[in-house]
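Understanding the architecture of this molecule
The chain contents come next:
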Number of protein chains: 2
Amino acid sequence: MDERIREHADVLVDWSARVEAGDDVVLSIGPGAHDLGVAVAETLGARGANLHVTYSSGEISRAYLHAHDEEFDTTSSHELALLEETDVFLSLGGGRNTSAMADVPSRTRQSYSGARTDVREARMETRWVSTIHPTRSLAQQAGMAYEEYQEFAYDAILRDWESLAAEMERMKTLLDEGSTVRLVSSDTDLTMRIGGRSAVNSAASVAYDSHNLPSGEVFTAPTATEGEVTFDVPMTVRGESVRNVTLAFEDGSVVDHSAEQGEDVITEVLETDDGARRLGELGVGMNRGIDRYTDNILFDEKMGETVHLALGRAYDACLPEGESGNDSAVHVDLITDVSEDSRLEIDGEVAQRNGRFRWEDDFDG
Amino acid sequence: MDERIREHADVLVDWSARVEAGDDVVLSIGPGAHDLGVAVAETLGARGANLHVTYSSGEISRAYLHAHDEEFDTTSSHELALLEETDVFLSLGGGRNTSAMADVPSRTRQSYSGARTDVREARMETRWVSTIHPTRSLAQQAGMAYEEYQEFAYDAILRDWESLAAEMERMKTLLDEGSTVRLVSSDTDLTMRIGGRSAVNSAASVAYDSHNLPSGEVFTAPTATEGEVTFDVPMTVRGESVRNVTLAFEDGSVVDHSAEQGEDVITEVLETDDGARRLGELGVGMNRGIDRYTDNILFDEKMGETVHLALGRAYDACLPEGESGNDSAVHVDLITDVSEDSRLEIDGEVAQRNGRFRWEDDFDG
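Residues numbered from 1 in each chain as written. Chains lettered and ligands numbered in written order. Predicted model: local features only at pLDDT ≥ 70, side-chain atom pairs only at ≥ 80, totals over all residues. Heavy atoms only, no water.

Turning our attention to the overall build of chain A. Within chain A, the regular secondary structure consists of eleven helices and 18 strands. For chain A, the spread of C-alpha atoms along the three principal axes comes to 50 × 50 × 45 Å. For chain A, the exposed area adds up to about 15200 Å²; of that, 39% sits on carbon and sulfur atoms. Measuring between centres, the 31 positive side-chain charges of chain A sit 1 Å from its 72 negative side-chain charges. (Helix = DSSP H or I, 4+ residues; strand = E, 2+ residues; numbered from the N terminus. Areas by Shrake-Rupley, 256 points an atom, 1.4 Å probe, with all protein chains shown as cover. Lys, Arg positive; Asp, Glu negative; His and termini not counted. Charge placed at Lys NZ, Arg CZ, Asp CG, Glu CD.)

Written out as structure tokens, the structure reads:
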């Protein structure tokens, strides 16, 4: 077995999920993630955890959903019972076709998803972590050769997480102590209030309220957004290619928008509900192991020298006890490259310029 | 998709497991059984069942068991909770290597199995059915080409089960009403008492107390065995090839045994406990879709024109309420070909001669 697969398993089990002896673990495996599943099972065995292995296949979900009538009105009480007794939920993504469910109507998906709210919430109560095994299908989506993609993925995943967490803590402190953030570049000048909110140091570990591997971002929940922003990182939103989206904010809400490509899908997102016109997240990508866009949000939003903003729902982890953040049925991330002609100010002081942070040697304040 | 896969799925869901709308179903899929999994998911969707998909991989189990210390002293409470809420458990066997767990020490397996007694018992309380998807690895074990094995497997699985169940009911009636059975062939003359026991019409459906697909046998729990029997169907017992086992019984227990090959493993089985020297099962194979041995007990023991006997544990389904049958830690089936020079008598009357049953046109009473 490729030694990187074993290292990935160890990072996932020990750093990310903090598995201990006697933990009841669910290991969810995609059809292309078998080898990582073997390595993770080995690590879980060595830690003395209890193992239940599930299979997450787009083809199986598609067949089930197509055949089912559109009413999903009964609860999967067996799955709910499983998750209510689960300590750790590890999802190993990676299939053979990222479009395996392309022809399932969104109405069917929504109905199914709605019927599974309690199952999903029970899963969120566990120490859950999502990662991917680099498959040929993910390489294809990224436009890369298979071995090239493996190197890319492991560069992102096999970081020195302890050291990155320490660096990200600096950004968290700046955001926690700050009142306003301003993002400026050639076609962007946006201000947001962040006072009273807590940033999450998303260091790819449940110990940091972080549930993705890779991770490597610091994010908070902004309010009172004013100004204009352009997102120059190409993305896929709801199956549509989106390029160079521009949003104009007044009093915290989007009042104008345009896009070079995919404007319709952005319009659709904005019209979901009132919260969809406000920001739920400001995130600073700090994982320099991720050095290019691969059209996979798990990687793209953590890329070093990018900043992302999400329309819609805010994360509770950023909010003071008792305060509710922006509420919406959607959470759509959009990303902008800040490596050139760009600065991020917190309370008027530059925290990041042209991708370099205040504490870095080559920072040009 | 091969239409036979869809037919297999329909037989499994409708005939075997009697799935109804709202049933909580666990679908356990082997690494080579994905395509059957897709077809079964489609049928389950159409029936309105709730679906939880698990992954049963020998490689994953091996990795977990090798890495674990040998004490499995904590219960998988999450898996137990799942199974206690499960109505139907469907196991789709079929991997890529039937020897995937060959190097896991039997002591480790036993320790793991012991710690999972409650999980196993909960599964047995569901409407469980085990079947296989014909894989290349199973074809190899059977010594067949892949397409040849597919035809073999579907001939066994895609029977007219209703009609076979009706035919098997005749054999069940003979066994239920009989007091003694005598099996005679060139090197066998064995008598058993069956009075007071109930035969199971194992028609591949939970409605018949039958949990295998394919099935096609009628079995009961004999006592007071006397005489000699030779099993001429080659088998693998605990990883060892076994050929032409001969057992001599007195007062219901084995008093002498020999084998052309694998005698040691038979000795080991017999020495397990007192019950291992007595018979737990007399079974009559009635599935003529199975026309050859494939070294897979799921198929071999149901083969038409064979009779099998099991050393060890009897099934509760054969026993009158309140009576306990032969008890043992083992249940090892051994098979004899009855297609030639052979007869099965019940209370002195021939029920089967040279493979033909009393009710068949070509029966030569």
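Moving on: the relation of the copies chain A and chain B. For these two chains of identical sequence, chain A goes onto chain B by a turn of 180 degrees and a shift of 0.0 Å along the axis, with RMSD 0.0 Å. These values place the two chain copies in the arrangement generated by a two-fold rotation axis. Ranked by how close their C-alpha atoms come to the rotation axis, the residues of chain A are headed by Thr54(A), at 1.9 Å. Looking at the interface residues of chain A, 100% of them are also at the interface in chain B, so both copies use one shared face. (Least-squares fit on C-alpha atoms with pLDDT ≥ 70 in both. Contact = heavy atoms within 4.5 Å.)

Let's shift gears to unusual backbone geometry. Note the cis peptide between Leu213(A) and Pro214(A), where omega equals 5 degrees. Along the polypeptide, Pro214(A) turns up in the loop between strand 7 (200–202) and strand 8 (217–220). Non-glycine residue Ala204(B) carries a positive phi angle of around 65 degrees. Within the element layout of this structure, Ala204(B) appears in the loop between strand 7 (200–202) and strand 8 (217–220).

What follows covers a negative patch on the surface. Taken together, the side chains of Asp187(A), Glu228(A), Asp232(A), Glu240(A), Asp256(A), Glu263(A) and Asp264(A) make up a negatively charged region of the molecular surface. Summarising the element assignment, Asp256(A) is placed in strand 12 (residues 253–261). (Patch = residues over 30% accessible without salt bridge, like charges linked within 9 Å, V, L, I, M, F, W, Y side chains within 5 Å. Salt bridge = Lys/Arg side-chain N within 4 Å of Asp/Glu carboxyl O.)

Residue and element names in this part refer to chain B. Running from N to C, helix 5 (residues 106–115) and helix 6 (residues 117–124) cross one another at 60 degrees; their axes reach a closest spacing of 4 Å. Accordingly, the angle class assigned to the pair helix 5 and helix 6 is oblique. When helix 5 is examined against helix 6, the residues Ser 113, Gly 114 and Ala 115 are found in contact with a partner set consisting of Thr 117, Asp 118 and Arg 120. Along the lines of polarity and charge, the residues of the contact of helix 5 with helix 6 split into one nonpolar, three polar and two charged. (Axes fitted to C-alpha atoms, helices over the stretch in contact; angles between N-to-C directions. Parallel < 35°, antiparallel > 145°, perpendicular 65-115°, else oblique. Nonpolar A, V, L, I, M, F, W, Y, C, P; charged D, E, K, R; others polar.)

Looking now at the domain arrangement of chain A. All names here are of chain A. Partitioning chain A into structural domains gives domain 1 (3–157) and domain 2 (161–357). Taking only C-alpha atoms into account, the centre of domain 1 sits 25 Å from that of domain 2. At the junction of the two partners, domain 1 supplies 24 residues and domain 2 supplies 23 residues. Across the domain 1/domain 2 interface, buried area totals approximately 1900 Å², and carbon plus sulfur atoms make up 63% of it. On the domain 1 side of the interface with domain 2, the three residues burying the most area are Trp 15, Phe 152 and Ala 156, jointly 34% of the side's total. One can count one salt bridge joining domain 1 with domain 2. One salt bridge in this structure joins Glu 148 and Arg 292, with 3.1 Å as the shortest N-O distance. Counting every contact that joins domain 1 to domain 2 gives 14 residue pairs in polar contact (both at pLDDT 80 or more). Those elements that place two or more of their residues in the side of domain 1 that touches domain 2 are helix 1 (3–16), strand 4 (127–132), helix 7 (136–142) and helix 8 (146–157). (Domains from an automatic or database assignment. Buried area = accessible area lost by both parts, 1.4 Å probe. Polar contact = N/O pair within 3.5 Å; in protein donor to acceptor, adjacent residues only side chain to side chain.)

Right, let's get into the packing of helix 1 (residues 3–16) of chain B against helix 8 (residues 146–157) of chain B. Residues and elements named next belong to chain B. Relative orientation of the contacting elements helix 1 and helix 8 amounts to 30 degrees, with a least axis distance of 11 Å. By the angle class used here, helix 1 and helix 8 are roughly parallel. Relative to helix 8, helix 1 is oriented so that their crossing is left-handed. Along its contact with helix 1, which presents Arg 4, Ile 5, His 8 and Val 11, the element helix 8 presents Gln 150, Glu 151, Tyr 154 and Ile 157. Of the residues that constitute the contact of helix 1 with helix 8, the class distribution is four nonpolar, two polar and two charged. (Left-handed = near helix turned anticlockwise from the far one by under 90°.)

Our focus in this paragraph is the sheet that holds strand 7 of chain B. Residues and elements named next belong to chain B. Strands sit in the order 7-8-13-14-15 across an open sheet of five strands; the sheet is antiparallel. In the strand order of this sheet, the two ends are held by strand 7 and strand 15 (331–337), each with one partner. Here the strands of the sheet are splayed against their neighbours by 20 degrees on average, with no regard to which way each runs. Of the strand pairs in this sheet, strand 13 (residues 279–285) and strand 14 (residues 306–312) are connected by six bridges, and their pairing is antiparallel. Within strand 14, the position partnered with Gly 283 by the bridge is His 308. (Pairing = 2+ DSSP bridges.)

Another point: the sheet that holds strand 15 (residues 331–337) of chain A. All names here are of chain A. The antiparallel open sheet is built from five strands, whose spatial order is 7-8-13-14-15. What marks the edges here is a single partner per strand, and that holds for strand 7 and strand 15. The sheet shows a mean angle of 20 degrees between the axes of neighbouring strands, direction not considered.

Let us look at the interface of chain A and chain B. In this assembly, 39 residues from chain A lie in contact with 39 residues from chain B. Summing the contributions of chain A and of chain B, the shared interface buries around 3400 Å²; its carbon and sulfur component is 61%. Taken together, the links from chain A to chain B amount to zero salt bridges. If you look at where chain A meets chain B, you find 19 residue pairs in polar contact (both at pLDDT 80 or more). Where the side of chain A that touches chain B is concerned, the elements lending two or more residues are strand 1 (24–29), helix 2 (34–47), strand 2 (50–55), helix 3 (58–67) and helix 4 (77–84) of chain A. With eight residues, helix 2 of chain A is the largest single contributor of residues to the side of chain A that touches chain B. Partitioned by chemical class, the residues of the side of chain A that touches chain B number 17 nonpolar, 16 polar and six charged.

Residues and elements named next belong to chain B. Under the counting rule described, the total for this entry stands at 43 salt bridges over all chains. In this structure, Glu 79 and Arg 116 form a salt bridge, with 2.8 Å as the shortest nitrogen-oxygen distance. Pair noted here: Glu 79 is in helix 4 (residues 77–84) and Arg 116 is in the loop between helix 5 and helix 6, with a separation of 37 residues, a long-range link. Among the residues examined, Arg 116 registers a relative accessible area of 16% and is labelled buried. (Buried < 20%, exposed > 50% of the residue type's maximum accessible area, 1.4 Å probe, protein only.)

The subject of this paragraph is the nonpolar core. Ranked by internal contacts, the top residues of the largest apolar core, which has 195 residues, are Val40(A), Leu90(A), Tyr149(A), Leu247(A), Val40(B), Leu90(B) and Leu247(B). Beyond its immediate stretch of four places on either side in the chain, Leu90(B) contacts Leu12(B), Val13(B), Ala17(B), Val25(B), Val26(B), Leu27(B), Ser28(B), Val40(B), Leu44(B) and Val129(B). By size, the runner-up hydrophobic cluster in this structure holds 16 residues, among which are Val119(A), Ala122(A), Val26(B) and Phe89(B). (Core = buried A, V, L, I, M, F, W, Y, C linked by side-chain atoms within 4.5 Å.)

All names here are of chain B. Mapping Arg 343 onto the fold places it in strand 16 (residues 342–346). Residue Arg 343 is classed as partly exposed on the basis of its relative accessible area of 24%. In this structure, the C-alpha to C-alpha distance between Arg 343 and Arg 238, residues 105 residues apart in sequence, is 30 Å. With residues up to four places along the chain from it excluded, the contact list for Arg 343 reads Arg 182, Leu 183, Val 184, Val 350, Gln 352 and Arg 353. Within the local environment of Arg 343, its side chain forms a polar contact with the side chain of Glu 345, the two groups lying 2.6 Å apart.

Moving on: the packing of aromatic side chains. Taken as a whole and judged by the stated rule, the model has 17 aromatic pairs over all chains. When the centroid spacing of 4.9 Å and the interplanar angle of 0 degrees are considered together, the rings of Phe357(A) and Trp359(A) count as stacked. The class for Phe357(A) is buried, based on a relative accessible area of 2%. Each member of the aromatic cluster is reached from another via a ring pair, and the members are Tyr64(A), Phe72(A) and Tyr112(A). One Lys or Arg, Arg18(A), reaches over the ring of Trp15(A) and ends 4.6 Å from the middle of that ring. A cation sits over an aromatic face here: Arg123(B) above Phe89(B), 5.5 Å from the ring centre. (Phe/Tyr/Trp six-rings, centres within 6.5 Å; stacked < 30°, edge-to-face > 60°. Lys NZ or Arg CZ within 6 Å of the ring centre and 35° of its normal.)

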